[in-house]
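Breakdown of the fold
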Amino acid sequence: TAHATKPQLGLADSEKSWMIEYDHLILAPGARDLVLSFPGWHLPGVLGAAGALALLERYQAFSGERLIILGSGNLGLSVAKRALANGLQVVAIVDVANTIRGDANLAEELRSAGVRFLLSHTIQDARGTDGVAGARLQSLDKDMRPADGETLDLECDTICMALGLVPNIELAAVTGCALEFRADRSGWIPKVDSNMRSSLESVSVVGDGAGVTE
């Protein structure tokens with residue numbers, strides 16, 4: 001507004017909305033799952049790793065029993081470990097790479113617990129009508145191209161995409177913070193200095209919202 005002397009933030013709840021002045025604003029919006037589409041990805045039972053961890057840890061509302069995890073980075077390994085701790089079965093961890101991307105000790109712990117690693121594989125499609133009933137995997141050659149005719153069908157009720165996280169930059173963007181593209185920080189992120197201050201002196205961006213390292 002014309003008479004405002006300080007930056008303001010618009011807030012709202014279920015009953016009203018109002019404005020509040022601030023001297024300094026710290027944004028910590030976190031990150032969301034990187035989700036890629038494939039035939040059947042819309043079926044109930046296909047979800048991202050961050051969503052799976054929230055259901056397992058925060059809400060205790062995970063309904064699946066047999067998981068296939070796409071991605072062998074630490075995010076995927078963490079989902080697998082948590083799933084096993086909850087008494088669920090991890091059918092396989094699948095990755096297009098020919099080596100495991102995440103922590104070697106954690107991967108060995110999972111392998112010792114019976115988790116199967118299918119490297120040099122990608123998902124071809126999810127099977128099912130009202131929900132996930134299985135997945136067809138496609139093997140890849142050394143150039144990460146599909147190997148002719150080499151597919152594998154696995155039964156599962158959950159496909160978890162642990163492909164990575166993407167910073168939530170929307171709040172920083174509408175606030176007016178300068179953005180920059182950093183492939184090593186998972187894409188577009190707010191531009192911050194060593195003290196996490198943005199291009200706006202009164203705004204800092206912290207946590208995964210300022211960039212994800214894996």
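Residues numbered from 1 in each chain as written. Predicted model: local features only at pLDDT ≥ 70, side-chain atom pairs only at ≥ 80, totals over all residues. Heavy atoms only, no water.

Moving on, we get to helix α1 (residues 49-58). Every buried residue belonging to α1 is among Ala49, Ala52, Leu53, Ala54 and Leu56, and all of these are buried. On its buried face, α1 is in contact with β4 (31-33), β5 (46-48), α2 (74-85) and β12 (158-161). Once α1 finishes, Gln60 follows within two positions and takes phi at roughly 50°, a positive value. (Buried < 20%, exposed > 50% of the residue type's maximum accessible area, 1.4 Å probe, protein only. Helix = DSSP H or I, 4+ residues; strand = E, 2+ residues; numbered from the N terminus. Contact = heavy atoms within 4.5 Å.)

Tallied over the entire structure, the rule returns one aromatic pair. Over the ring of Trp18 we find Lys16; its NZ or CZ atom is 4.8 Å from the centre of that ring. (Phe/Tyr/Trp six-rings, centres within 6.5 Å; stacked < 30°, edge-to-face > 60°. Lys NZ or Arg CZ within 6 Å of the ring centre and 35° of its normal.)

In this section: the sheet that holds β12. Hydrogen bonds between backbone atoms are what pair the strands of a sheet, whose relative direction is either parallel or antiparallel. One open sheet accounts for five strands, arranged β5-β12-β6-β7-β8; its pairing is parallel. Unpaired on one side and paired on the other, β5 and β8 (117-119) mark the two borders of the sheet. Strand after strand, the sheet turns through a mean of 20° between neighbouring axes, direction not considered. Direction of pairing for β5 relative to β12: parallel, over a ladder of three bridges. Within the sheet, the bridge partner assigned to Gly48 lies in β12 and is Met161. Running over the sheet, α2 touches β6 (66-70), β7 (89-95), β8 and β12 and is turned about 175° from β7. (Pairing = 2+ DSSP bridges. Axes fitted to C-alpha atoms, helices over the stretch in contact; angles between N-to-C directions.)

Across six bridges, strand β9 (residues 121-127) lies against strand β10 (residues 134-140) in antiparallel orientation. When the bridges of β10 are listed, Thr122 appears paired with Gln138. Where β9 folds back onto β10 in an antiparallel hairpin, the turn is made up of six residues, including Gly128, whose phi is positive at roughly 140°.

Before going further, it helps to spend a moment on unusual backbone geometry. Backbone geometry places Gln60, a non-glycine residue, at a positive phi of 50°. One can find Gln60 in the loop between α1 and β6. The exposure class of Gln60 is exposed, given its relative accessible area of 58%. The phi dihedral of Met144 is positive, around 60°, even though this residue is not glycine. Along the polypeptide, Met144 turns up in the loop between β10 and β11 (146-155).

With respect to the helices, strands and loops of the structure, Ser204 is situated in strand β16 (residues 203-205). Contacts of Ser204, omitting those with residues within four sequence positions, involve His24, Leu25, Ile26, Leu27, Met196, Arg197 and Ser198.

Strand order in the open sheet made by the three strands is β9-β10-β11, with antiparallel pairing throughout. Every other strand in the sheet has two partners, leaving β9 and β11 as the edge strands with one partner each. The mean angle between the axes of side-by-side strands here comes to 25°, regardless of whether they run parallel or antiparallel.

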